[in-house]
Amino acid sequence: MITSSDSNLKAIEQISTQISIDNNYPEIGSALRVESHKQPSASGLSDGDYPSTEEKCLTQMQVVNATPIPQDIAAELSQMQITCQMGVFTCIERAWLSIDNILYLWEYKTGSDPTYYDGLQQAILSVGLCRPNCPGLLPPQAQYLLIIATPLEITMLAVYLNTEEYQEVVLHPTPLFRLSTDGATITQILSTSNGRVFLSSTDCSIYEAVFVPASTWLGRTTPVGCKLVNHSKSALSFLVPGFLTFASDDKGFVQLIEDGSRNILYARTFNGSIYMYDLGVDGTSFSRVAVITESTLTSYAASIARNVDKSNFHPLIHIAVIPKRESMFVQLLGVTNAGVRFYFNVCPHERSRPSWLSLVHVRLPPGLTTVAAGARPFGVTKACYSRGTLLLSSHHREKDILWCISSDMHGFHVPLMESHTCVDLESSSLIMADISDDENSLHFPKITKCDPPVLVTQFYTTPRRYLILSPTGSLIIEKLRPVEQLRHLLQRPSTKLDNSLLTTYINGIREEQFLAISLLLICSKFNLDMQVQSTAISAFFMYGGEPKFLPSNLHNPQGVSFMSDFVPFTTSTPHPNAALKQNLNPSNVTGTFKPSLKYNAICLFIGRLLRNLWDCEILVEQVIPQHLALTQDVSVEYFGAWTDEQLKLVFSRMVCLKEFMFEKIRSKNSDMLETSLKFDCGDVKQNRYTEIANCREQEAFVELFNLVCRICELISFLRILFSHPITPVMQTLSEDLQKKIKRCHFIDLLLPNNDLVNLLNTALVTYFLVDSTQVEILTDRLRKECPSIFSLNDAVCAKANEHLRLALQQPKEEDRLALLEESLILFKRVTSELDLGKICFMYQEANFINGIYEVCVSAAAKLDTSNAAVRYFDASRPDDDILGHQMYAARSACYQHIVNCLSSYQAFIIKGGLPVNSDLTEKLSLTVEEASVYKDQLLSFCFSGKDKILHMKIYEWLLKNGMENKLLEYPMDDLESFLQHSLKFSQQMSVLPLCEILWKYYELNKDYETAAKVLCRLAERHSTEIDLSERINYLSRAALSAKSSPCFYNSELVKEIEDKLEVAELQKKIYLALLSKSKEHCEVLNCELIDVTRLYSEFADPFDLHECKLAIFECAGHSDQNAIKSIWQDIIDNVFKSYFEIVGEVPIHKLVSKLKPLFKTYLNKKCEYFPIDFVIDLLEKRSAEIRLPYSWVFTLFRDLDVPLRILLNEYLNIWKRRDAYWTKTTNPNHVLFVLVILIDTFIDVYDMEFDEEEASSIASQSLDFVNSVIVELQSSIRTDRSLSNLLESLEKIKIKLKNIC
């Protein structure tokens, strides 16, 4: 367990003091000594504002990359005709260039991925990029919206980023929106942090592109829209006469910026005026607050800095936001052409909205005054401000110069002190922007209102980078922090420890800061060569100074011990001067001990490295919606206060510090101690206090070293803790302990007599004991990384399962099985005290299947020694048997662990060997084949015994997982009783699978008759689980089983089942016919078997299912001819109606295709259900009505193999009946024409289909008919000359028939 001595309190207090000093840094307003907006001030007038001498030689800038403009784009510049614009989109790492009406983009770091857009007709005036906060606005996969303004319209394009590293940017060729500018000339486009888009114009108007979300009203969906809103004019401004309108001298806005931390919008005009707009607390409103003109600003600045030429205060060429993280009182910065800076205050306090635009401070550039004469900025054209650093691009005497003015080296100095550096540029800069990757940097929780100086943040942040865009290409410059400046200084071959530049550097930031930065170099692993590291170490000890002891009473020294009770950095070898130390005994000396700068620098280093952890709570509490919580019974989740990357950074540097202290400081201090102890008796008075100081310093370093070791272990422990779900770990503790840990700070874990680390350690191990198999991995990692936090006494789980864990590690099968058997014997003896779930899982891990079965059966047997559970089950679970119920529940709980193991194996099989979301399967590693083998083995063990309760649990599990066939692989004697019992008490289990297994069980035991009865009951059961097709299948299976019975020939069961099957098939036919008519009736037909009477009265007849009615007549043996003829008439009429409702070409083939299968069905059955004479007569009548071909009816019947003789007889009978129907039609001789064709057909085929005698008989019969018709027609031809052709045809047929006869 970790312990903390009281001696560590001194080191903790010293680090806390250093952190407090760092937290008292001055923000910009304090450094400028701005006390009120009514008391403006000026600076830059004294020598201390800009240190001169050799500090200028300490460069602040380093060129990282210089990339020319892509050649293809550069070539287009020579073709420019109207205008050219340039800009940068830092969020996608792209520079852009517009030449007339074409927009080009490229990656400014490498000059790669050039792309262009040429879909515009007018010249481009301005370009912007935004990420709108409007759902559904952008197409899928699009991330940004590109806004291009021309003189006539505003075009918006979707932008796609193909990779996270922005390696490829694609512009959608089709614009999402096109907005008219209504005559306004757009000069600037700005996208705010919350997705709003503002545009400025030459008439000093502010527009906003308002995105209207998609909406639905009255069933109509309105797509996402966009409109342009002018915030500078009211809706009634057109009513005001032009001569009354306020005329501004400004020539339009040239710069728009947003303060996202305060929701303020600033605009700068061409003439240098500044407009301020309030966007509201939530950033959704808009109102103009204040305007300050350049003339007013110039006059006010001149009144503040009286001795400075007024021309230095205009024109204003740049404004920049000073966000909340930098200052609470100063909010805006302005830069003039001469490099003069204006600082503005806009609100009385940090929580109020902007109320004014007040100039509170004027900062003169370096070299402007006579006191600090020298090089100074002239003709500043561009500026960029970020995190206290100001870059200026000036053009003077045909030279382009880049200035860097920064207070990084003097972050704690009041008043503000800044260093400045200037370098020559090859070409003039058009754009300057901060391109630092803030999104991917490590963001620690804020512990102060404003960010501390770079002297502090450089310990856990990366240097800032800036982009300078010129007509020739892009230049990326890195702003060197003090640590990089020192590294560059130490890398110079000419640099020595007493070099004037190094001395200047040390004097500029003070020795203690220098030593802490040297430690940062020593403890950082970034491209540091051995020379720099060695020089930094030497400088640390050279400038680290020596400890001092100032005695308070030289004549009567008393009471202060300078030697600790333990030897620092203890070794087994006694100290060579131990006897001498004891002889000196300075315990009676009192005084003040002042540690060396080395000690203070290490405390400063630790404080700055741990400042974001030191006094912060280690856990973050977050309310989680119930459906997203990690566990179902919590709505609050706990998370680590820091990410692993943050802790890893701190840990790596703390480890380097620990190694450095152990290797370097120990040897240095030991040498000094040895030197101080080697003195003669005459030198005692001179060296006594040096010895005291060195010993006290050694003690302090030992305490500090021990604290560093503890901090390293504590961070390692937190990384281990935060890498696991913290909420379940916390749940292993009581509520009181949880509250303590929730309020616990990092420093609390370092204080003495604080056992919170031990509590967290115990909770973590307990959580792993219950829910994980990686306890050994965890304990090994804890022992390795946190030896003082996690000791061997904490590995309770590993000791409790010693035999089992040894078995898992044994390579030899014999030794492994022996250990497993031994562990099983031990577990059987103490079953009641064991966690069966953990043991079963560990046996699963060892593939000891027999152990799973034995340990659970043994535990159940020990719980129910009187076998009360079996009696309770056999008695159908009586309510009054309380003991039996308790024993049954206890034994079931034991057997549930076997079921859990089976479930884990089954999960692996289902998922193809992949783990699923289960407490078991997530921690096992098995193949599908292994899981299947182990599952079958465990089932075999379970069914090898005679434990009925266990069998019942396994039966239930098999049914639940759809493995009914497995039950039949183990046909135990109690299976039938289980199934019967389950059918009786089937509250949570479906009856269907039980009946399925039951009839299969009877068939397996060759009890076919009982199986058939079960199948019949299953088919007849009223249930929505079985559809009609399955019921028919059950009846078919039942018929097959009944026929397999030995008493099949003497049984009436088969006949009964076949009758039910026939009715079921008829029911299915009705069901199919009603699918498109009545879902309600279909559901009734699906959930039970219905007799024929109900089928006819409730389904077939109400819905006019004529074919089904005919089938019901046949099934029931009902042969009422009138009813049958009526049904056939309905059938035929429906067919004709469905095909001949629209007059046109007659679809004979469709008609035949519908009637042919129906006729064929009944032609092969009893004739009473198919009155062929009635059907032929009806078909011919319908054919005559719509003038169908004469031959199609008898051709249909001939295709159905109806003999020609029968057809001829039927048609002759129709002719002979002389139905009055034919006299009323327009074609009364229709049947006559059909007979003529039919007889002619006979003449053509008689020799192929009939023998001579039959052919002669048919021909004679036909000849008699023809003769009678000829006589009849000859008497009628005088009145109807149309019959002459028919008469002529009959004469020819007559001759042919005579030849046949």
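Scoring rules and cut-offs
- Residue positions are counted from 1 within each chain, in the order its sequence is given.
- Selection of residues for local features in this predicted model requires a pLDDT of at least 70, selection of side-chain atom pairs for listing and counting requires 80 or more, and totals for whole chains, interfaces and linings are taken over all residues.
- Side-chain measures were taken over the full set of non-hydrogen atoms in the model, leaving aside hydrogen atoms and water.
- Secondary structure counts use DSSP, requiring at least four H or I residues in a row for a helix and at least two E residues in a row for a strand, with both numbered from the N terminus.
- Only protein chains enter the accessibility calculation, which uses a 1.4 Å probe; a residue whose area is less than 20% of its type maximum is buried, one above 50% is exposed, and one in between is partly exposed.
- Areas reported here follow the Shrake-Rupley algorithm with a probe of radius 1.4 Å; residue values treat only the protein chains shown as occluding.
- By this rule the span expected of a helix is its residue count minus one, scaled by 1.5 Å.
- Any pair of residues with heavy atoms lying within 4.5 Å of one another is described as a contacting pair.
- Strands are treated as partners if at least two bridges between them are detected by DSSP.
- Axes here refer to lines fitted to C-alpha atoms; in helices the fit is confined to the stretch in contact. Angles between the N-to-C directions go from 0 to 180 degrees.
- Take the buried residues of types Ala, Val, Leu, Ile, Met, Phe, Trp, Tyr and Cys, join any two whose side-chain atoms come within 4.5 Å, and each joined set is a nonpolar core.
- Each salt bridge in this description consists of a side-chain nitrogen of Lys or Arg and a carboxyl oxygen of Asp or Glu lying within 4 Å of one another.
- Side-chain rings of Phe, Tyr and Trp, where Trp is taken by its six-membered ring, are said to pair if the distance between their centres is within 6.5 Å; with planes under 30 degrees apart they count as stacked, over 60 as edge-to-face, and otherwise as tilted.
- Cation placement over rings: the criterion is NZ of Lys or CZ of Arg within 6 Å of the ring centroid and within 35° of the ring normal.
- Working definition: roughly parallel below 35 degrees, roughly antiparallel above 145 degrees, roughly perpendicular at 65 to 115 degrees, and oblique for all remaining angles.
- Nonpolar residues are Ala, Val, Leu, Ile, Met, Phe, Trp, Tyr, Cys and Pro. Charged residues are Asp, Glu, Lys and Arg, and all others, Gly as well, are polar.
- The predictor's confidence in any single residue is recorded as pLDDT, a number from 0 to 100.
- Here a crossing is taken to be left-handed if its near helix is turned anticlockwise relative to the far helix by less than a right angle, and right-handed if that turn runs clockwise.

1. Details of the overall build of the chain
Then, in step 1: Tallying secondary structure elements over the chain gives 43 helices and 36 strands in all.
Then, in step 2: In the chain, which comprises 1301 residues, the proportion classed as buried is 51%.
Then, in step 3: Accessible surface computed for the chain: about 62,300 Å², of which carbon and sulfur atoms make up 51%.

2. Remarks on helix 40 (residues 1204-1217)
Then, in step 1: An ideal rise of 1.5 Å per residue puts 20 Å on 14 residues; helix 40 measures up with 20 Å between its terminal C-alpha atoms.
Then, in step 2: Among the residues making up helix 40, those that are buried are Leu1204, Leu1207, Leu1208, Glu1210, Tyr1211, Leu1212, Ile1214 and Trp1215.
Then, in step 3: Buried residues belonging to helix 40 abut helix 38 (1172-1186), helix 39 (1192-1199), helix 41 (1230-1249) and helix 42 (1252-1276).
Then, in step 4: Among the residues trailing helix 40, Arg1218 stands out with phi positive, at a value near 50 degrees.

3. With respect to unusual backbone geometry
Then, in step 1: Following His314, the chain continues into Pro315 via a peptide bond in cis, with omega recorded as 0 degrees.
Then, in step 2: Mapped onto the secondary structure, Pro315 falls in the loop between helix 4 (294-304) and strand 22 (316-321).
Then, in step 3: Residue Pro415 is bonded to the preceding Val414 through a cis peptide linkage, with omega at 5 degrees.
Then, in step 4: Topologically, Pro415 is positioned in the loop between strand 28 (399-406) and strand 29 (419-425).

4. Observations concerning the sheet that holds strand 27 (residues 389-396)
Then, in step 1: Strand order in the open sheet made by the four strands is 26-27-28-29, with antiparallel pairing throughout. Only two strands of the sheet have a single neighbouring strand rather than two, namely strand 26 (380-386) and strand 29. Along the sheet, successive strands turn relative to each other by an average axial angle of 15 degrees, direction set aside.
Then, in step 2: Sheet topology note: the strand 27/strand 28 ladder contains eight bridges and is antiparallel. Paired with Leu392 across the bridge in strand 28 is Trp403.

5. Focus: the nonpolar core
Then, in step 1: Judged by nonpolar contacts, the single largest core of 108 residues is most densely connected at Trp1128, Phe1159, Leu1179, Trp1192, Phe1197 and Phe1242.
Then, in step 2: Val483, Trp642, Leu714 and Phe790 belong to the second-largest nonpolar core, a separate cluster that totals 101 residues.

6. What to know about the pairing of strand 8 (residues 142-149)
Then, in step 1: Counting buried positions along strand 8 gives seven out of eight residues, so the element sits mostly inside the fold.
Then, in step 2: Sheet topology places strand 7 (residues 126-130) next to strand 8; five bridges connect them, and they run antiparallel. Across the sheet, the residue bridging to Ser126 is Ala149, located in strand 8.
Then, in step 3: Inspection of the sheet shows strand 8 paired to strand 9 (residues 153-161) by seven bridges, in the antiparallel sense. Each residue of the ladder has a partner; that of Leu146, found in strand 9, is Leu157.
Then, in step 4: In this antiparallel pair of consecutive strands, strand 8 and strand 9, the connection spans three residues.

7. Describing the pattern of salt bridges
Then, in step 1: In total, this model carries 34 salt bridges according to the counting rule given.
Then, in step 2: Between Asp278 and Arg353 there is a salt bridge; the shortest N-O distance is 2.6 Å. Here Asp278, found in strand 20 (residues 274-278), pairs with Arg353, found in the loop between strand 24 (341-345) and strand 25 (358-363); they are 75 residues apart in sequence, far enough to count as distant.
Then, in step 3: It is possible to trace a salt-bridge network through shared partners that takes in Asp49, Arg341, Arg363 and Glu418.

8. Quick word on the packing of aromatic side chains
Given two aromatic rings, one states the distance between the centres and the angle between the planes to describe the pair.
Then, in step 1: Under the definition given, this model contains 36 aromatic pairs.
Then, in step 2: The ring of Tyr144 carries the charged tip of Arg131 above its face, separated from the ring centre by 4.3 Å.
Then, in step 3: In this structure, Lys1181 is placed above the aromatic ring of Tyr1221, and the distance from its NZ or CZ to the ring centre is 5.1 Å.

9. Structural notes on the sheet that holds strand 1 (residues 41-43)
Then, in step 1: Pairing is mixed in the open sheet, where five strands are placed in the order 1-25-24-23-22. Looking at strand neighbours, the two that pair on one side only are strand 1 and strand 22, the edges of this open sheet. The sheet shows a mean angle of 25 degrees between the axes of neighbouring strands, direction not considered.
Then, in step 2: In this structure, strand 23 (residues 332-336) lies alongside strand 24, joined through four bridges in antiparallel fashion. From the neighbouring strand, Val335 faces strand 24, where its bridge partner is Arg341.
Then, in step 3: Those strands touched by helix 4 are strand 1, strand 22, strand 24 and strand 25, and its axis lies near 55 degrees from that of strand 25.

10. Observations concerning the packing of helix 7 (residues 500-509) against helix 8 (residues 511-522)
Then, in step 1: Put simply, helix 7 and helix 8 touch, their axes get as near as 6 Å, and they point 110 degrees apart. Classified by the angle between their axes, helix 7 and helix 8 sit roughly perpendicular to one another. Note on element contacts: helix 8 touches helix 7 through Glu511, Gln513, Phe514 and Ile517, opposite Leu502, Tyr505, Ile506 and Ile509.
Then, in step 2: Across the contact of helix 7 with helix 8, the residue classes break down as six nonpolar, one polar and one charged.

11. Thoughts on the confidence of the model for the chain
Detailed reading of predicted coordinates is not advised where the pLDDT is low.
Then, in step 1: In this model, the chain carries a mean pLDDT of 81, and residues with pLDDT of at least 70 account for 83%.
Then, in step 2: Note that residues 673-683 has pLDDT below 50 and, in this model, 20 contacts with residues that lie over four places away or in other chains.
Then, in step 3: Taken together, the stretch residues 792-800 has pLDDT below 50 and engages in 15 contacts with residues farther than four places along the chain or on a different chain.

12. Here's the deal with the environment of Ile468
Then, in step 1: Mapped onto the secondary structure, Ile468 falls in strand 31 (residues 465-470).
Then, in step 2: Through-space distance from the C-alpha of Ile468 to that of Ser428 is 9.3 Å; in sequence the pair is 40 residues apart.

13. As for the environment of Glu1288
Then, in step 1: Here Glu1288 is to be found in helix 43 (residues 1284-1300).
Then, in step 2: As for Glu1288 and Ile1270, which are separated by 18 residues in sequence, their C-alpha atoms are 9.2 Å apart.

14. Considerations on the side chain of Asn600
Then, in step 1: You can see Asn600 is positioned in helix 11 (residues 597-610).
Then, in step 2: Since its relative accessible area comes to 14%, Asn600 is described here as buried.

15. Remarks on the packing of helix 8 against helix 11
For any two helices packed against each other, the geometry is given by the interaxial angle and the distance between the axes.
Then, in step 1: Remark: helix 8 packs on helix 11, axes separated minimally by 8 Å, with the N-to-C direction vectors making an angle of 60 degrees. If you check the angle between helix 8 and helix 11, you find them oblique. By crossing handedness, the relation of helix 8 to helix 11 is classed as right-handed. On the side of helix 8, the interface is formed by Glu511, Glu512, Gln513, Leu515, Ala516, Leu519 and Leu520, while helix 11 contributes Leu597, Lys598, Asn600, Ala601, Ile602, Leu604, Phe605 and Arg608.
Then, in step 2: Partitioning the contact of helix 8 with helix 11 into residue classes produces nine nonpolar, two polar and four charged.

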